[in-house]
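# Summary of the model geometry
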Amino acid sequence: MEIQWMLVLYSLFMGLSIGPFALLALTDACEKRPALCKWASLVGLSCIILAGIAAFAHLLKPLAAINIFNNLASPMARETVFVLLTGVVAAALAVMNLFNWLPGLRRMLAWFGLVLAVISVILIATIYLLPARPAWNSWLLPITLLTSSLINGLLLAWLLVAIVPKQGDETGLMELAAKLRSWALPVFAVYAIVTVVFFLMAASQTGGITRLLVGDLALLFWLGLILVGLAAPAALIWLGKKDPKASALAAFLLVAIGVLVVRAMLFPIGVRIPITSLW
Amino acid sequence: MTRLTLLVDIQRCIGCWACTVACKQENSVPPGVFRNQLFLVGPFGEYPDVKAYFLSRPCMHCEDAACVKACPTGATFQRGDGTVQIDQDKCIVCGYCAWACPYGARQINPVSKRIEGCSMCSQRIDVGLDPACVHHCMGKALMFGDLNDPNSDISKYLEANKDRVFPLLESFGTKPRTIYLAPKMGALVPKP
């Protein structure tokens, strides 16, 4: 099965949108850090817009997308509803942060956006749960995509805290960055374990583990996922205390590459059982 | 109510590919894309006891079709006669039906940028003709008709050969309506 790059990017960007929402909902950014707040909400909205563009680019007849809610029983229609809702909340949050409207409501809205973004990522993952594709048809797949989105989002939040310029006498940014880094460590550990287990199990369903370890997927698995996507960023997150800006940037980019590889590998591994294998 | 069904008797199939060619010609399906595909199953065994079969695979027009459930726009739908059809005006060509179908009966047509799937030649059956694959099958391995009519040729043939009926990929639970009859010879039967 060919890699559907637009779907890979769509899933990556929707996953990234979790980070800015988490930053606004789980920290004091909304109350005390207006510059960070503005940047986070703009980056979150941009991620969802890019995800939407990638999703539309995947369709060969995008103008017919007006029909996309005709069958709400379809996992794809349900996913689209939640992605759109997440986008509306992100847009509202960005406008409120830009014009400094209703400060009391912003954190509540960020919480709402965070929940919607997480649900969207889960729903995006559940469209792969198809009996016709045995390698995908496991709950490890949604967990893999969710944990990969959580870690990538958290690293985006860490990066934002590290690079957004300090405003006036603003204090506590280093502590905030350290807090985000400390959250990232356990999430990263879960992501690494779940992802490797998922791919080993998925490969065993479609051609055997050797396909992953020494076969056609070996380069993506060893270089893209294990080395670039897991080992290198793990070291950077671990060592992140020394130079948070450089560590956050490098860890974010490497994990993003790993997350891309995870999504790209789903396609060659998600093959159908040949009907001639019945005999 | 009618229940239009295709029946594939593997015993009678000679692997001439007429079904595939006729389908392509009737429905303007380009090379590399198939609405109805013929597979070679086997060979099995050791010389001189070697066997092989041909398996014609149109759409199964499943009762509980995975493609119908998956389609977000309702472009894939089931008609009252049981056939699964595509409304190309509603289709966004997301390809999700092709992912969901366990039989691989759906493909994206890269030329026309639309989803290809067997409609049982709706343009022909609506005017009382057989689907193109059935019409051109010289071994009469393909039959078409109303299974709810006990006097139809397909019902009678099925009744006479019911011991050879096997459902293709039954474990996926989509309740395929296309009926397969296993080869008579030898002990090689499809795995459950």
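## Description of helix α8 (residues 173-205) of chain A
Three or four residues apart is the spacing at which side chains of an α-helix point the same way, because the helix has 3.6 residues per turn. In this model, α8(A) (33 residues) spans 47 Å end to end at C-alpha, consistent with the 48 Å of a helix rising 1.5 Å per residue. Note on α8(A): the residue one or two positions beyond its end, Gly207(A), has a positive phi of about 100 degrees.

## Looking at the sheet that holds strand β9 (residues 165-166) of chain B
All names here are of chain B. Taken together, 4 strands build an open sheet; the order of strands is β8-β1-β10-β9 and the sheet is mixed. Pairing within the sheet leaves two strands with one partner each, and these edge strands are β8 (142-146) and β9. By the bridge criterion, 3 bridges tie strand β1 (residues 4-9) to strand β10 (residues 179-181) in an arrangement that is parallel. Bridge assignment links valine 8 to a residue of β10, and that residue is tyrosine 180. Across the sheet, helix α6 (residues 153-160) touches β1, β8 and β10, and the angle it forms with β8 is around 115 degrees.

## Quick word on the interface of chain B and chain A
Tallying the contact residues gives 33 residues for chain B and 25 residues for chain A. For the side of chain B that touches chain A, the secondary structure elements donating two or more residues are β2 (37-44), β3 (51-57), α2 (66-70) and α3 (96-100) of chain B.

## Side note on the pairing of β2(B)
All names here are of chain B. Pairing of β2 with β3 involves 6 bridges; the strand directions are antiparallel. Looking at the pairing, leucine 40 lines up with phenylalanine 54 of β3. Hairpin connection between β2 and β3: a loop of 6 residues separates the two successive antiparallel strands, and glycine 45 in this loop has a positive phi of roughly 85 degrees.

## Some remarks on the environment of Trp99(B)
Its location among the elements puts Trp99(B) in helix α3. Placed 33 residues apart in sequence, Trp99(B) and Ala66(B) show a C-alpha to C-alpha distance of 9.4 Å. When near neighbours in sequence (up to four residues on either side) are disregarded, Trp99(B) contacts Leu130(A), Ala132(A) and Arg133(A).

## Quick look at the nonpolar core
Among the nonpolar cores identified, the biggest contains 151 residues, and Leu155(A), Trp158(A), Leu160(A), Cys67(B), Ala100(B) and Leu142(B) are the most heavily contacted of them. With 14 residues, helix α7 (residues 140-163) of chain A is the largest single contributor of residues to this core. Once you skip the residues sitting within four places of it in the chain, Trp158(A) turns out to touch Ala177(A), Leu180(A), Arg181(A), Ala184(A) and Ala248(A).

## A closer look at the pairing of β1(B)
Residue and element names in this part refer to chain B. Along β1, 6 of the 6 residues are buried, which leaves the element largely enclosed by surrounding structure. Of the two faces of β1, the one carrying Leu4, Leu6 and Val8 and the one carrying Thr5, Leu7 and Asp9 are both buried. Both β1 and β8 contribute to a ladder of 5 bridges, which runs antiparallel. Note that in β8 the partner of leucine 7 across the bridge is methionine 143.

## A look at the confidence of the model for chain B
Residues with a pLDDT of 70 or more make up 96% of chain B, whose mean pLDDT is 91. Interface confidence for the predicted complex, given as ipTM, is 0.87, next to a pTM of 0.90.

Cut-offs applied
Residues numbered from 1 in each chain as written. Chains lettered and ligands numbered in written order. Predicted model: local features only at pLDDT ≥ 70, side-chain atom pairs only at ≥ 80, totals over all residues. Helix = DSSP H or I, 4+ residues; strand = E, 2+ residues; numbered from the N terminus. Expected span 1.5 Å × (residues − 1). Pairing = 2+ DSSP bridges. Contact = placed C-beta atoms within 7 Å. Axes fitted to C-alpha atoms, helices over the stretch in contact; angles between N-to-C directions. Core = buried A, V, L, I, M, F, W, Y, C linked by C-beta atoms within 7 Å. Buried ≥ 20, exposed ≤ 12 C-beta atoms within 10 Å, placed from the backbone. pLDDT = per-residue confidence, 0-100.

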